[in-house]
Protein chains: 2
Amino acid sequence: MKTGVVSIAMREQDGADPAPDPTPGYVLEHQVGHLLRRAHQRHTSIFQEGIGDSQLTPTQFAALMKIKDLGQVSQNQLGRLTAMDPATIQGVIQRLLVRGLVERYPDASDRRCTLLRLSPAGKQLATSVIGPARAISEQTLSPLGEAERATFLDLLRKLI
Amino acid sequence: MKTGVVSIAMREQDGADPAPDPTPGYVLEHQVGHLLRRAHQRHTSIFQEGIGDSQLTPTQFAALMKIKDLGQVSQNQLGRLTAMDPATIQGVIQRLLVRGLVERYPDASDRRCTLLRLSPAGKQLATSVIGPARAISEQTLSPLGEAERATFLDLLRKLI
DNA sequence: GCTTATTCATTAGCATACAAATGATTGTCG
DNA sequence: CGACAATCATTTGTATGCTAATGAATAAGC
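Worth saying up front: this structure is predicted, and the values here are computed from it rather than measured.

### With respect to the relation of the copies chain B and chain A
Link 1 in the chain: Once chain B is rotated about the relating axis by 180° and shifted along it by 0.0 Å, it coincides with chain A to within an RMSD of 0.0 Å. Within this description, the copies of the chain are treated as partners about a two-fold rotation axis.
Link 2 in the chain: Most of the interface of chain B is mirrored in chain A: 100% of its interface residues are interface residues there too.

### Topic: the protein's contact with DNA strand D
Link 1 in the chain: What surrounds DNA strand D is a group of 25 residues, the closest being T57(A), A87(A), N76(B), P86(B) and A87(B).
Link 2 in the chain: Looking at the surface near DNA strand D, the elements that each hand over two or more residues are α3 (58-70) and α5 (86-98) of chain A together with α2 (32-50), α4 (75-82) and α5 (86-98) of chain B.
Link 3 in the chain: Looking at which element gives the most residues to the surface near DNA strand D, the answer is α5(A), with five residues.
Link 4 in the chain: Of the residues in the surface near DNA strand D, the class split is six nonpolar, 12 polar and seven charged.

### Overview of the interface of chain B and chain A
Link 1 in the chain: Taken together, the contacts link 58 residues of chain B with 58 residues of chain A.
Link 2 in the chain: Residue assignment for the side of chain B that touches chain A shows that the elements contributing at least two residues are α2, α3 (58-70), β3 (114-118), α7 (130-140) and α8 (146-158) of chain B.
Link 3 in the chain: Of the residues forming the side of chain B that touches chain A, the biggest block, 13 residues, is contributed by α2(B).
Link 4 in the chain: Of the residues belonging to the side of chain B that touches chain A, the class tally is 31 nonpolar, 14 polar and 13 charged.

### Digging into the environment of V129(A)
Residue and element names in this part refer to chain A.
Link 1 in the chain: One can find V129 in the loop between α6 (120-128) and α7 (130-140).
Link 2 in the chain: A C-alpha to C-alpha distance of 18 Å links V129 and L97, two positions 32 residues apart in sequence.
Link 3 in the chain: Residues contacting V129, with those up to four places away along its chain left out, are I51, G52, D53, L56 and F61.

### Looking at the environment of R42(A)
Link 1 in the chain: When you line up the elements, R42(A) lands in helix α2 (residues 32-50).
Link 2 in the chain: When the C-alpha atoms of R42(A) and T140(A) are compared, they prove to be 7.8 Å apart, with 98 residues separating the residues in sequence.
Link 3 in the chain: Setting aside chain neighbours within four positions, we find R42(A) in contact with L159(B) and I160(B).

### Digging into unusual backbone geometry
Link 1 in the chain: Phi angles above zero are rare outside glycine, and A83(A) is one such case at about 65°.
Link 2 in the chain: Relative to the helices and strands, A83(A) resides in the loop between α4 (75-82) and α5.

### Overview of α3(A)
Residue and element names in this part refer to chain A.
Link 1 in the chain: Along its 13 residues, α3 runs 19 Å from first to last C-alpha, staying within 8% of the 18 Å computed at 1.5 Å per residue.
Link 2 in the chain: Burial analysis of α3 places 10 of its 13 residues in the buried class, which makes it a mostly covered element.
Link 3 in the chain: Taken together, the buried positions of α3 are occupied by P58, Q60, F61, A62, A63, L64, M65, K66, I67 and K68.
Link 4 in the chain: Residue G71 follows α3 closely and has a positive phi angle near 85°.

### A look at the sheet that holds strand β2 (residues 102-106) of chain B
Residues and elements named next belong to chain B.
Link 1 in the chain: Read from one edge of the open sheet, three strands run β1-β3-β2, paired in antiparallel fashion. Among the strands making up the open sheet, the edge pair consists of β1 (73-74) and β2.
Link 2 in the chain: In this sheet, β3 lies alongside β2 in antiparallel orientation, the contact comprising five bridges. In the strand pairing of β3, V102 is matched with L118.

Rules and cut-offs
- Residues numbered from 1 in each chain as written.
- Chains lettered and ligands numbered in written order.
- Predicted model: local features only at pLDDT ≥ 70, side-chain atom pairs only at ≥ 80, totals over all residues.
- Least-squares fit on C-alpha atoms with pLDDT ≥ 70 in both.
- Contact = placed C-beta atoms within 7 Å.
- Near = placed C-beta within 6 Å.
- Helix = DSSP H or I, 4+ residues; strand = E, 2+ residues; numbered from the N terminus.
- Nonpolar A, V, L, I, M, F, W, Y, C, P; charged D, E, K, R; others polar.
- Expected span 1.5 Å × (residues − 1).
- Buried ≥ 20, exposed ≤ 12 C-beta atoms within 10 Å, placed from the backbone.
- Pairing = 2+ DSSP bridges.

Have a look at this one:
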């Protein structure tokens, strides 16, 4: 039977030590970044479950809502309003275009820009998913009471 | 000069209406999912800025910390502990293997499993980034006061 | 007005993140 | 013990999300 000392010596010969070595005072599960990642993961799962359109992602939904709000908007401007960089919003819009939910047309006053608007199908979808979207927000916050929800959203907004 | 009425009529002929159409009572910027996404984005940016190793991502860091805590662990088990599905943890570990931060060896008691441990370089890196990681958590929460931070983390934990 | 800087949109490359399918191995249950 | 279920790891495909580079068009400064 190998002793602990011998075992450790052998492992050090291999150059790696599989002994547990937790860092005092640093718990991954308590870090705000890890918790934000997991909370965002949970919300995404709730969204896909509840939005009622298996192709529509949270970012595509955000783009759709923002175009609906504004009527028309350039791609980069839409990206700024939905917190997506130009490369990301490009892909999101491309997929909405393929589905026929968004239309593009040139901006007469600035030939660099392409303006976006909702197609009739896009308008129809945008309207029909607002109900599910409200339910998704409610379900995401369902572990919290009413006062806790308001507090949480207040604090979360301060972290943006 | 075109009137508004004529302009709208022409647009309806195109099948799309670029008129603004905000939904009463639904503000994208107030939705918990959008706020979680943006807060997570901000944290990731702070992480990349502060971790001190331009190649190390938040998920790679989480995997590194968890292997350090446990000494050795199978890949799928590590994924469960860090909230990554098997496909995601596979890629994360692959990149840590390429960098020589993690080592693999077979589990004698279960030939399906491959056990993971930190290499000496992995141990060194894991130890050296704990200080920056603490600073990253602090900076992420810096918009909040002490009491607010505790409240926020409590509520965030309830949402996992 | 002309150079310079900025902005718009796209592209390539890399890193999560998930669903679904696969093959190998192990566990369970009749 | 032998069929069936479950688990481990991988692979493929799709969708964010970022950096960096590009070319076209506009804005700013001198």
